[in-house]
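# Coordinates in review
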Amino acid sequence: AMDAGIGNMEFCNLMEGAHLKPEYVAKNAFHQIPLFEDSDGFCVAESTAILRHIATNYMPSLYPSTPQAKAMVDWAMDLMSGTIYDVLA
């Protein structure tokens, strides 16, 4: 969001339960981080979903336009966020 010039990061103190407060849960019923809130109030969680949303709406040059190329990028992002991350963690 910062690279796209559309937002900043905000600290969410999990130890103090910031993700469980009503105003946060209203934006994300699963109370997960990260959470992206767009300028129109639309909220989406999960890092890869956030990246797809920002690229599609604000930086389309970074996200392929053809379904096949988009699928390959999605595959790589999903692999990194699941399988590979679990192995490295």
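Everything below is about the structure printed above this text.
Residues take numbers from 1 onward in each chain, read along the sequence in its written order. At least 70 in pLDDT is required for a residue's local features to be given in this predicted model, at least 80 for side-chain atom pairs to be given and counted, and no such filter applies to totals for whole chains, interfaces and linings, which use all residues. The basis for every side-chain value is the complete set of non-hydrogen atoms in the structure, without hydrogens or water.

## Examining the overall build of the protein
Helices and strands together make up the secondary structure of the protein, namely three helices and two strands. Reading the protein from its N end, one meets helices and strands in the order α-β-β-α-α. Residues classed as buried in the protein amount to 22% of the 89 residues present. A sequence separation of at least 24 residues applies to 21% of the contacts in the protein between residues at least 6 apart. To qualify as a helix, a DSSP run of H or I must reach at least 4 residues; to qualify as a strand, a run of E must reach at least 2; elements of each kind are numbered from the N terminus. Burial classes: relative accessible area under 20% of the type maximum marks a residue as buried, over 50% as exposed, and values in between as partly exposed (1.4 Å probe, protein chains only). Two residues form a contact once any of their heavy atoms are found within 4.5 Å.

## Some details on the layout of surface pockets
Both site types are read off a 1 Å grid over the protein atoms alone. A 1.4 Å probe that fits but cannot get out defines a cavity, while an open set with protein on both sides within 12 Å along at least five of seven lines defines a pocket; lining residues have an atom within 4 Å of a point. Grid points are joined across faces, edges and corners, and a volume is the space filled by probe spheres set on the points. Quantified by volume, the largest pocket comes out at close to 1200 Å³. Broken down by secondary-structure element, the contributors of at least two residues to the lining of the largest pocket are α1 (22–25), β1 (35–37), α2 (47–58) and α3 (67–88). The leading source of residues in the lining of the largest pocket is α2, at six residues. Taken together, the residues that form the lining of the largest pocket break down as 22 nonpolar, four polar and eight charged. Each residue is assigned to one class: nonpolar for Ala, Val, Leu, Ile, Met, Phe, Trp, Tyr, Cys and Pro, charged for Asp, Glu, Lys and Arg, and polar for all the others, Gly among them.

## A few points about the environment of Leu-79
The topology assignment puts Leu-79 in helix α3. Considered as a pair, Leu-79 and Cys-12 are 67 residues apart in the sequence and their alpha carbons are 26 Å apart.

## Side note on α2
For a helix, the expected span equals 1.5 Å multiplied by the residue count minus one. Helix length check: α2, at 12 residues, gives a terminal C-alpha distance of 16 Å against a target of 16 Å (1.5 Å per residue), a fit within 8%. Residues Thr-48, Ile-50, Arg-52, His-53, Ile-54 and Ala-55 constitute the buried set of α2.

## A look at the pattern of salt bridges
By salt bridge we mean one thing: a side-chain nitrogen of Lys or Arg within 4 Å of a carboxyl oxygen of Asp or Glu. All chains considered together, the criterion is met by three salt bridges. For Lys-27, the salt bridge identified is with Glu-37, shortest N-O distance 2.8 Å. One end of the pair, Lys-27, is in the loop between α1 and β1; the other, Glu-37, is in strand β1, with 10 residues separating them in the sequence. Here Glu-37 falls in the partly exposed class, since its relative accessible area comes to 40%.

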